[in-house]
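One letter stands for each residue in the lines below.
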Number of protein chains: 2
Amino acid sequence: MGSESDEREVILGVDGGTTSTVCVCMPLLPFSEFPDPLPVLGRSVAGCSNFNSVGEDVARETLEKVMAEALLDAGVKRSAVKAVCLGLSGVNHPTDQEKILGWLRSAFPSHVKLYIQNDAVAALASGTMGKLHGCVLIAGTGSISYGFTEDGREARAAGAGPVLGDWGSGYGIAAQALIAVMRAHDGRGPQTMLSSCILQSLGLSSPDELIGWTYADPSWARIAALVPVVVSCAEDGDQIADEILHNAVQELAISVKAVVQRLRLAGEDGKGSFPVVMVGGVLGANNKWNIGNEVTNSILKTYPGACVIRPKVEPAVGAALLALNFLMKETVANGHS
Amino acid sequence: MGSESDEREVILGVDGGTTSTVCVCMPLLPFSEFPDPLPVLGRSVAGCSNFNSVGEDVARETLEKVMAEALLDAGVKRSAVKAVCLGLSGVNHPTDQEKILGWLRSAFPSHVKLYIQNDAVAALASGTMGKLHGCVLIAGTGSISYGFTEDGREARAAGAGPVLGDWGSGYGIAAQALIAVMRAHDGRGPQTMLSSCILQSLGLSSPDELIGWTYADPSWARIAALVPVVVSCAEDGDQIADEILHNAVQELAISVKAVVQRLRLAGEDGKGSFPVVMVGGVLGANNKWNIGNEVTNSILKTYPGACVIRPKVEPAVGAALLALNFLMKETVANGHS
C-alpha cells in the first residue's frame, strides 16, 4: 500500500474471542466525525488468544502475530502505531490486564498507548461507534453481558466460561443437547430427535462414543459448533431441543437484565432508553427459531426503552474506535483539545 | 515378605478412579470360600489413570507403576501373577478395553488373564464379594450407576464426565455451587452463604477471582473438593446449597432407577430384592445432611426390595475378587472344575 501510508499514524484494534482473534489497522481519525464506510488499512485473523483456554504462551504469541500481520497487510511500519486497544476474552480482573500489558509493553515504544479490555467492551463499541454506554450481549461460543453508564460505571454478568455456567452460550446450548442425548440413551431422560441428528452430524454410531468424542478435544468451539443441529431439531418440533433453546433465551435475557438493573441503565422507572448491542453467532442466525429475536422480546418486556443494535462493523473495529475514544479523552484531559 | 511368597500364585486388582489409582495383590483363592478378613499381600497407590483426563501416556505409565509397586510391596515376582482385573474410570466402550489390553499385553506373559472393566464394576464387586449382580452407585469426584443381571446383561447410567452432565457427582455439586456464587455476584441469582464460605475456603477475596481459579487447574478433583463446604452451608440453613444437594440426590437416584428399570432388577412387579452397592465420598460422609441416606430413601420409595450395601473392602479388592470370579468361570467353562 505504498510509501504514503508510511507517513500517517495508525491505531490497532484487536478482538480476541473464544474461537479466533482479529486485528484491524485503521488511520488515526478524529473521534468527532467518522467517514462512512470506516477506512480499514489492514486486517488479519489468528486462532484463539484466550489465555484461560490456550495458555499464556500461545495467547501471547497469537496476539503478537495477529498485530504484526495486520501492520504488514496495511503496509505500515510498527513505528506508525499511535495506540492499540485489545478486547480479549479471558480478561476478567485487573491482574489479567496487567499481565497482558506486560506482554505488549516490550513490543511497542513507551509512547504508544495500550488499552486492554474484555472482548465484550470492544463488541459494545462496535455497536455504539466507540462510545461506552449501554449494554452488550455476546453469545457465540461463550456468552457475556457487559454494560457501562455514561459516567463510567460498569458491570458484567455471565462470561465466566462453561465450568461456571454460561448456559446461554453456544457451548452451553450444545452441551445441554449432548447431555440430553446421554440421558435419553441411558434411560434417565426422554427420547429426543437430538440423538440421531447429533450422532449423524458427528459421524458417530452410538451415544457411548460421545464420551470419547467430548474428551478427545476439549475446545469449547468444537462443541458449540453443534448449535445449528439443536436449532434445526427445535424447528422440526423436538420438545427437548425447544426447551434447551428457551432456557438459553432466558439465561441470555437474565444476564442483560442483571447488568441493566445494577447500572440503572433504564432509569429509575425502568422506561429510559439505552443501547443493547447484540453480537455473536448464537444471536445472529437467521433461523425460524431465532434466538436473538426471542432474547430481544424478553428484554423489551422488562425494559421497553431498550434500543437493540446489531453492529454493522466487526468487534475489532469497535476496539479501534475505542482506542480513538480513549485517545480523545486523554487529549481533552491533558488540555490539548 | 520372604521366599515363601515367591512360590504362590497371585492376582492383581486395580481400581482406577477419577482421582487416584489403587492396586492390591492377593493370593489365588478358591472363589467358593473367602477367609475373613481377606488376605492382601501388597498394596500401592498412584495418581489418576483415567486417560480421558490425563492422556494415554500418563494413564499407561500410572497403571504400570501401580502394579509394579503392589508386587514389590507383596514381595512377589511378576511371574507369580495369574490374573489381573482392572476397574478403570474412562473405560466406556469396547475400543477402550482393547486399547488398555494393548498396553498391558506386553507387560505380562500371554498365559496371564487380563480383564478390563469400568471402575464401577469393581466397586459393585467390592459390595457383592466378586459377584456381578445388582446395581452400584459411585459418587465421588465423578458419578456413575452400573448394573448386572444374574444372567449377564448389563446397563449403565451417567458416568459420562462433567461435560456430559454428571450432576450428582462431587464435581457436579461443587460446580453448581460455584455457578450459584457467580450468579449471586453478578445479579443473576439470589444471595447465598456459599459465596463467603467458598471464597474463604479457597483463600480468594472476590468471586471474579473464581474464574482464574477454575481455569488455573482443570482437574475435576480440585473442584469436587468443595463438596464439604456445600454440605456445611446446607446444614447451616442456606437454601441454595440445600437445593443443590437435593438436586444431586435426585440425579443420583434417577441414575440408579434408570439402570434398575432397564435390567428389571426388581422383577416385573418392582418389588423383588437386589443389591445396591453405594460407594464414594459424596455418599459416605457422616453428615447431618447425609446425601447417601437421602439417595437410599429415594430408591427404596420406588424399589422397596433394594438392599443397600456399603462395602467393607475397597474397590481394588473388588477388582481382585472379580478376577477370581472370572477365572473360576473360565475353569468351569473349560471343564477343569
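Residues numbered from 1 in each chain as written. Chains lettered and ligands numbered in written order. Predicted model: local features only at pLDDT ≥ 70, side-chain atom pairs only at ≥ 80, totals over all residues. Heavy atoms only, no water.

As recorded in an unreviewed UniProt entry, chain A goes by N-acetyl-D-glucosamine kinase and comes from Nicotiana tabacum. UniProt's Sequence similarities (unreviewed entry) comment on chain A is quoted here verbatim: "Belongs to the eukaryotic-type N-acetylglucosamine kinase family." (UniProt positions renumbered as here; feature names shortened; annotations may be inferred.)

Here we look at the relation of the copies chain A and chain B
Once turned by 180° and shifted 0.0 Å along the axis, chain A lies on chain B with an RMSD of 0.0 Å. The transformation relating the two chain copies, once decomposed into turn and shift, fits a two-fold axis. Considering only C-alpha atoms, the part of chain A nearest the rotation axis is Val163(A), at 4.3 Å. Counting the interface residues of chain A, we find that 100% of their copies in chain B are interface residues as well, pointing to one common contact surface. (Least-squares fit on C-alpha atoms with pLDDT ≥ 70 in both. Contact = heavy atoms within 4.5 Å.)

Thoughts on the interface of chain A and chain B
Taken together, the contacts link 38 residues of chain A with 38 residues of chain B. Interface of chain A and chain B: buried area, both sides summed, is about 3200 Å²; carbon and sulfur atoms make up 62% of it. Considering only the surface of chain A that becomes buried against chain B, Leu164(A), Arg188(A) and Tyr215(A) emerge as the three largest contributors, covering 24% of it. Here chain A is connected to chain B by 2 salt bridges. Measuring nitrogen to oxygen at the nearest pair gives 2.8 Å for the salt bridge that ties Glu251(B) to Arg183(A). Here chain A and chain B share 8 residue pairs in polar contact (both at pLDDT 80 or more) between them. Looking at the side of chain A that touches chain B, the elements that each hand over two or more residues are strand 8 (154-158), helix 6 (170-186), helix 8 (208-216), helix 9 (220-224) and helix 11 (239-263) of chain A. A total of 9 residues in the side of chain A that touches chain B trace back to one element, the largest contributor, which is helix 6 of chain A. Across the side of chain A that touches chain B, the residue classes tally to 19 nonpolar, 11 polar and 8 charged. (Buried area = accessible area lost by both parts, 1.4 Å probe. Salt bridge = Lys/Arg side-chain N within 4 Å of Asp/Glu carboxyl O. Polar contact = N/O pair within 3.5 Å; in protein donor to acceptor, adjacent residues only side chain to side chain. Helix = DSSP H or I, 4+ residues; strand = E, 2+ residues; numbered from the N terminus. Nonpolar A, V, L, I, M, F, W, Y, C, P; charged D, E, K, R; others polar.)

As for the packing of helix 6 of chain A against helix 7 (residues 194-202) of chain A
Residue and element names in this part refer to chain A. Direction vectors running N to C along helix 6 and helix 7 enclose 115°, while the axes themselves pass 9 Å from each other. The chirality of how helix 6 crosses helix 7 is left-handed. Mapping the contact onto sequence places Ala177, Leu178, Ala180, Val181 and Ala184 in helix 6 and Leu194, Ser195 and Ile198 in helix 7. Residues of the contact of helix 6 with helix 7, tallied by class, amount to 7 nonpolar, 1 polar and no charged. (Axes fitted to C-alpha atoms, helices over the stretch in contact; angles between N-to-C directions. Left-handed = near helix turned anticlockwise from the far one by under 90°.)

Quick look at the sheet that holds strand 3 (residues 42-46) of chain B
Residues and elements named next belong to chain B. Reading across the sheet, the 5 strands line up as 3-2-1-4-5 and stay open at both edges, with mixed pairing between neighbours. The strands lining the two open edges of the sheet, one partner per strand, are strand 3 and strand 5 (113-118). Looking at each pair of strands side by side, their axes are set apart by 15° on average, direction ignored. Most of the contacts of helix 4 (residues 94-105) go to strand 5, to which it runs at about 145°, and overall it touches strand 4 (81-88) and strand 5. (Pairing = 2+ DSSP bridges.)

Things to note about the pairing of strand 3 (residues 42-46) of chain A
All names here are of chain A. Burial of strand 3 is one-sided: the residues Gly42, Ser44 and Ala46 facing one way are buried, the residues Arg43 and Val45 facing the other way are not. Two strands pair when backbone bridges link them, and strand 2 (residues 21-27) and strand 3 are joined in this way by 5 bridges, in the antiparallel orientation. By the bridge assignment for strand 3, valine 22 is matched with valine 45. (Buried < 20%, exposed > 50% of the residue type's maximum accessible area, 1.4 Å probe, protein only.)

A look at the side chain of Ser255(A)
Mapping Ser255(A) onto the fold places it in helix 11. Within polar-contact distance, the side chain of Ser255(A) engages the backbone oxygen of Leu252(A) at 2.8 Å. For Ser255(A), the contacting residues outside a window of four places in its chain are Leu137(A), Ser145(A), Ala157(A), Ala158(A) and Arg188(B).

Remarks on empty space enclosed by the protein
To locate leftover empty space, one rolls a probe as large as a water molecule over the atoms. All chains considered together, the criterion is met by 3 cavities of 30 Å³ or more. The space that makes up the largest cavity amounts to roughly 50 Å³. Around the largest cavity, the lining residues are Arg156(A), Ala157(A), Ala158(A), Ala160(A), Met182(B), His185(B), Asp186(B), Arg188(B), Asp208(B) and Ile211(B). For the lining of the largest cavity, the elements supplying multiple residues, two or more each, are strand 8 of chain A together with helix 6 (170-186) and helix 8 (208-216) of chain B. Along the lines of polarity and charge, the residues of the lining of the largest cavity split into 5 nonpolar, 1 polar and 4 charged. (1 Å grid on protein atoms, 1.4 Å probe; cavity = no way out; pocket = protein on both sides within 12 Å on 5 of 7 lines; lining within 4 Å. Points joined across faces, edges and corners; volume = space filled by probe spheres on them.)

Notes on the side chain of Ser145(A)
Residue and element names in this part refer to chain A. Along the chain, serine 145 falls in strand 7 (residues 143-148). Under the relative-accessibility criterion, serine 145 is labelled buried at 0%. Leaving out residues up to four positions away in the same chain, serine 145 has contacts with Cys135, Val136, Leu137, Ala155, Arg156, Ala157, Ser255, Val256 and Val259.

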